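# Geometric and topological summary
Okay, here's what each chain looks like letter by letter:
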Amino acid sequence: GRFGIELPDKLQSEIEGMSFYETAVYFKGRFQIKDSLEKIMADWNQMAWDKNTYEVPLKSGVKEFLLFLKNNGVKTGIATSNSRELTEQILKVHNIEEFLDVIVTGSEVTNGKPAPDIYLEAARKLGVKPSECVAFEDIIPGIQAAKNAGMLVYCVDDAYSKEQWDDKVKLSDLAIYDYNEVLSNEKWFFTDF
């Protein structure tokens, strides 16, 4: 908007799964933005920082689910296309940083989602085989990335990708609308281990 460019209808689906850097390169080229890649990413970090700090709530049941995992000795991690700074800020704002053992961001791997790189790196850092991992994803490239890594995948309902729900369900092993569903059916989570 700042550059007077109208938001293309399918932009979200075109960039889903790209790393932060890949997205900046895409925007710079597609929209002919004259700012440096560093400036584009810094601006996005600030906008995302503000939005995620003040406007975006955790998905229902997430904190309770993470506490359950921690109390049961289950290792946890985040594999995200967001920047490390933004991810750490979100975790801090929601007071859940203590529940996570590993954070892997798109800048730490060569290829963004749907390539499995980010999930393989998360499994490596956790010290477990990818086949021993369960991934919770709310976008199609993320589901594909986790499946490509050999993980069990839950698709999670999300307002931003609601129109893709049926496709997400088809690609996933299991589907939830919120994390309370997993907590109320603990056997779902532990069945394959």
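These numbers were taken from a predicted model, which means no experiment stands behind them. (Residues numbered from 1 in each chain as written. Predicted model: local features only at pLDDT ≥ 70, side-chain atom pairs only at ≥ 80, totals over all residues. Heavy atoms only, no water.)

### So, the overall build of the protein chain
Each helix and strand counted, the protein chain has ten helices and five strands in total. Compactness check: the protein chain gives a C-alpha radius of gyration of 17 Å against a globular reference of 16 Å for 193 residues, within 12% of the reference. Projected onto its principal axes, the C-alpha positions of the protein chain cover 50 × 35 × 30 Å. Within the span of the protein chain, comprising 193 residues, buried residues form 45% of the whole. In the protein chain, the share of contacts with a sequence separation of at least 24, taken over all contacts with a separation of at least 6, comes to 54%. In the form shown here, the protein chain has an accessible surface area of approximately 10,800 Å², with 53% of it arising from carbon and sulfur atoms. (Helix = DSSP H or I, 4+ residues; strand = E, 2+ residues; numbered from the N terminus. Rg over C-alpha atoms; globule rule 2.2 N^0.38 Å. Buried < 20%, exposed > 50% of the residue type's maximum accessible area, 1.4 Å probe, protein only. Contact = heavy atoms within 4.5 Å. Areas by Shrake-Rupley, 256 points an atom, 1.4 Å probe, with all protein chains shown as cover.)

### As for helix α6 (residues 117-126)
Residues of α6 that are buried: Ile118, Tyr119, Glu121, Ala122, Ala123 and Leu126. For α6, the secondary structure elements touched by its buried residues are β1 (77-80), β2 (102-105), β3 (134-137) and α7 (140-148). Just past α6, the residue Gly127 takes up positive phi, approximately 75°.

### Things to note about unusual backbone geometry
The residue after Lys113, namely Pro114, is reached through a cis peptide bond having omega 20°. Locating Pro114 in the fold gives a position in the loop between β2 and α6. At Gln32, a position not held by glycine, the phi torsion is positive, near 50°. Along the polypeptide, Gln32 turns up in the loop between α2 (20-30) and α3 (37-54). A positive phi angle, near 55°, is found at Asn95, a position not held by glycine. With respect to the helices and strands, Asn95 occurs in the loop between α5 (84-93) and β2. Residue classification places Asn95 among the partly exposed positions, given a relative accessible area of 41%.

### A word on the packing of aromatic side chains
Counted by the stated rule, this structure contains nine aromatic pairs. Look at Tyr26 and Phe27: their rings are 6.4 Å apart centre to centre, the planes differ by 65°, and that puts the pair in the edge-to-face class. Relative accessible area serves as the criterion here: at 24%, Tyr26 is assigned to the partly exposed category. The interplanar angle of 70° and the centroid separation of 5.3 Å between the aromatic rings of Phe65 and Phe136 together place this pair among those described as edge-to-face. Of this pair, Phe65 sits in helix α4 (residues 62-71) while Phe136 sits in strand β3, and the two are 71 residues apart along the sequence. This pair shows no difference in class: Phe65 is buried, exactly as Phe136 is. Pairwise contacts between aromatic rings join Phe20, Tyr26, Phe27, Phe31 and Trp44 into one cluster. (Phe/Tyr/Trp six-rings, centres within 6.5 Å; stacked < 30°, edge-to-face > 60°.)

### Things to note about the sheet that holds β3
Read across the sheet, three strands follow the order β3-β4-β5 without closing on themselves; strand pairing throughout is parallel. Every interior strand has two partners, whereas the edge strands, β3 and β5 (174-176), have only one. Averaged over neighbouring strand pairs, the angle between their axes works out to 25° when direction is ignored. (Pairing = 2+ DSSP bridges. Axes fitted to C-alpha atoms, helices over the stretch in contact; angles between N-to-C directions.)

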